[in-house]
There are 2 protein chains.
Amino acid sequence: MTDLPPTPRGRALPIFSHRIVAIDGAARAGVMHTAHGAVDTPAFMPVGTAGTVKAMTADAVRATGSAIVLGNTYHLMLRPGAERIARLGGLHRFMDWPSPILTDSGGFQVMSLAKLRKLDIDGVTFQSHLDGSTHRLTPVRSIEIQHQLDATITMVLDECTPFPASPEQAQTSMQLSMRWAEHSREAFVPRQGYALFGIVQGSIYPELREASARALTSIGFDGYAIGGLAIGEGQTTTFAVLDGTLPHLPPDAPRYLMGVGTPDDIIGAVQRGTDMFDCVIPTRAGRTARAYTSRGVFNLRNARFADDTLSLDPDCACPACARHSRAYLHHLFKAEEMLGPMLLTWHNLNYYQALMRDLRAAITVRRLDAFADGVRAGWAREEPT
Amino acid sequence: MTDLPPTPRGRALPIFSHRIVAIDGAARAGVMHTAHGAVDTPAFMPVGTAGTVKAMTADAVRATGSAIVLGNTYHLMLRPGAERIARLGGLHRFMDWPSPILTDSGGFQVMSLAKLRKLDIDGVTFQSHLDGSTHRLTPVRSIEIQHQLDATITMVLDECTPFPASPEQAQTSMQLSMRWAEHSREAFVPRQGYALFGIVQGSIYPELREASARALTSIGFDGYAIGGLAIGEGQTTTFAVLDGTLPHLPPDAPRYLMGVGTPDDIIGAVQRGTDMFDCVIPTRAGRTARAYTSRGVFNLRNARFADDTLSLDPDCACPACARHSRAYLHHLFKAEEMLGPMLLTWHNLNYYQALMRDLRAAITVRRLDAFADGVRAGWAREEPT
């Protein structure tokens, strides 16, 4: 590795840790300490694909209450390049986000976006969806790239087992991921306050999930992700897999459900003991006029909002809700003005982060189930569009 | 008129006025007092076409030092409709801009955007470029729409004489505009702190410009715009028309050069005694990677910026310059991320408004010409792209 960003210096870095501060049933509230600051859990991580949470300044992301964002290794390695970001001082400085960043391993996007991909036992070779150039991602290279990006939390390279998969396919795929997890662990350069997370695979099969959780625990990671979900299996199955997996993970380590989800998905997963989430839903929905609110989900393009003087969500204090009417937001989307996606992304992230804050508070006072019922009842207060 | 927005109440509204506070050669610095607050002149008005300055929140527009924005009657009358904006409380509330708003009359966009337009002596009939619906704009209707929008400054309906135009065409067109100016004056409902501006036409012909200025002065307006420029005639001609027109206008009334321009255009027009400007250049350029800076104009897509760790403009304190490198801005435009236009629009407006502030200060200390020379010399400090 030639190009590496500077490691934080000049102050005593905390050891990476996750301290559980309250428990309510299976749910936990905690604080994750990192080299780049603390994160209260359960935490939602906005997706900053290409070095920006789409349609948001870094200041605005912070203002929503986000404490950690996710960056995509696949996108950043192709453009502007991991070496370049390292030379420019790392991803934190590049995108003006001094707080924690988790990067994925690149494996998921290689399988969903890249062209002519070829998986072998040591890694995956693929062509960039941008210019057709050939690249290779192995566990060692993925870890190296994430180091170049200066990720606070690095994810092991894994194969996201497709859904559906037969038990045999799921086992072979999971075992490949466990092999790669070992390679990833060996390649990771420990730095104080930085973390490496393993990823549980095994599709919908409880015995495979348990075997995967035990294999990762025996390798030893700072946190454990549950991968291979939110890819079409449905919420009931997602929750069943969580119920069958989480008991086999170390109790204090952070548990991260990758790619999930709607507010309802997140509430259910928090009730089952999940600590971290990432998902494009609030940001992508914000660009397509879809609003997540305390009164349900609305499509702001709907004509019923053309003369609606109400605030989008009377319970929300974001700029879209505090300053404007639904009629104005409707107009912005009809007129295809950039301010529509800007304001609605801000709102959706603010709604998600307010929900996370309230979930943490409800766990602390051991009222999570009642709080969750109240939130779900609130969603029925207005007609959906 | 059935739907009218509420007129500001509950406080003593100032009489609309423009007080000249300093003079340097032909240039003037002043303060324009309005029902919606004060505006220091010379002033640049960002263009908020459809109820939003593109890619900017209202807070961000304010943060650039903008004191007044422009709204487009043509766009707003078609979508979301002037009656709707009136019902929703007026354009100030709709777009969260309590400060002054100037609206154009709609005439310019009818001629440049609408389909099947037909001009007659009383007005213009046209089809919407959005849905083909038929509309008619007369001086009376334009003034009514601007009242419904709650414009602080209303513009008379005029015909923007095309360039080039023969003396005969220019005279006929100017005389039609003067007839419409009278109709507009009669239709305007005076409200304390609100203003109606006339528009001088006459193409490039000094005697027509003088006749137009005298005609408008004899009708009597709160301010005077110079129209029919910045449509291809070139800066030398623009300045010659200004030199031939401004002496025939009342000395204290605000003078507004419509649709101008680049920083260099604005400096020259301020030196000649112009008080107000509007232009899409800083916002449109911001969406197309073109940066106006104290060191010249750059195209941020240029590969030379890919590894450039410098601030875009070391003399600027906007978020794009204070928080990010040119390399990051280059990446955002290459990746077609919305944050690129957002940050660069912010920067360009900030650059324009910092320039206006510095021009006002230079006039106050009677150092305008030396200051202008210094700004122009600064633009040569870096290679253009």
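Residues numbered from 1 in each chain as written. Chains lettered and ligands numbered in written order. Predicted model: local features only at pLDDT ≥ 70, side-chain atom pairs only at ≥ 80, totals over all residues. Heavy atoms only, no water.

**What about the environment of Thr309 of chain A?**
Then, in step 1: Topologically, Thr309 of chain A is positioned in the loop between β16 (296–299) and α12 (319–323).
Then, in step 2: Here the alpha-carbon distance between Thr309 of chain A and Val53 of chain A, two residues 256 residues apart in the chain, equals 29 Å.
Then, in step 3: Not counting residues up to four positions away in its chain, the partners in contact with Thr309 of chain A are Ser325 of chain A together with Leu88 of chain B. (Helix = DSSP H or I, 4+ residues; strand = E, 2+ residues; numbered from the N terminus. Contact = heavy atoms within 4.5 Å.)

**Some words on helix α8 (residues 206–219) of chain B**
All names here are of chain B.
Then, in step 1: Taking 1.5 Å of rise per residue, the 14 residues of α8 would be expected to cover 20 Å, and the 20 Å separating its terminal C-alpha atoms lies within 8% of that figure.
Then, in step 2: In the core, the buried residues of α8 are packed alongside α7 (167–187), β11 (195–200), β12 (223–226) and α9 (235–245).
Then, in step 3: At the C-terminal side of α8, Gly220 shows a positive phi close to 95°. (Expected span 1.5 Å × (residues − 1).)

**Some remarks on the confidence of the model for chain A**
Then, in step 1: Overall, the predicted model of chain A reaches an average pLDDT of 96, with 98% of residues at or above 70.
Then, in step 2: Listed scores for the predicted complex are pTM 0.96 and ipTM 0.96. (pLDDT = per-residue confidence, 0-100.)

**A word on the nonpolar core**
Then, in step 1: If you look at the biggest cluster of nonpolar residues, it comprises 239 residues, and the most contacted ones within it are Ile153 and Tyr256 of chain A together with Ile153 and Tyr256 of chain B.
Then, in step 2: It is helix α14 (residues 339–364) of chain B that contributes the most residues to this core, 13 residues altogether.
Then, in step 3: Contact partners of Ile153 of chain A, with chain neighbours within four places excluded, come to Phe16, Met32, Ile68, Ile101, Leu102, Thr103, Gln146, Ala195, Phe197 and Met276 of chain A. (Core = buried A, V, L, I, M, F, W, Y, C linked by side-chain atoms within 4.5 Å. Buried < 20%, exposed > 50% of the residue type's maximum accessible area, 1.4 Å probe, protein only.)

**Brief notes about the sheet that holds strand β4 (residues 43–46) of chain B**
Residues and elements named next belong to chain B.
Then, in step 1: Reading across the sheet, the 8 strands line up as β4-β14-β13-β12-β11-β10-β6-β5 and stay open at both edges, with parallel pairing between neighbours. Both outer strands of the open sheet, β4 and β5 (69–71), are each paired with one neighbouring strand and no more. The average undirected angle you get between the axes of adjacent strands in this sheet is 25°.
Then, in step 2: By the bridge criterion, 3 bridges tie β12 to strand β13 (residues 255–257) in an arrangement that is parallel. Paired with Tyr224 across the two strands is Arg255, which belongs to β13. (Pairing = 2+ DSSP bridges. Axes fitted to C-alpha atoms, helices over the stretch in contact; angles between N-to-C directions.)

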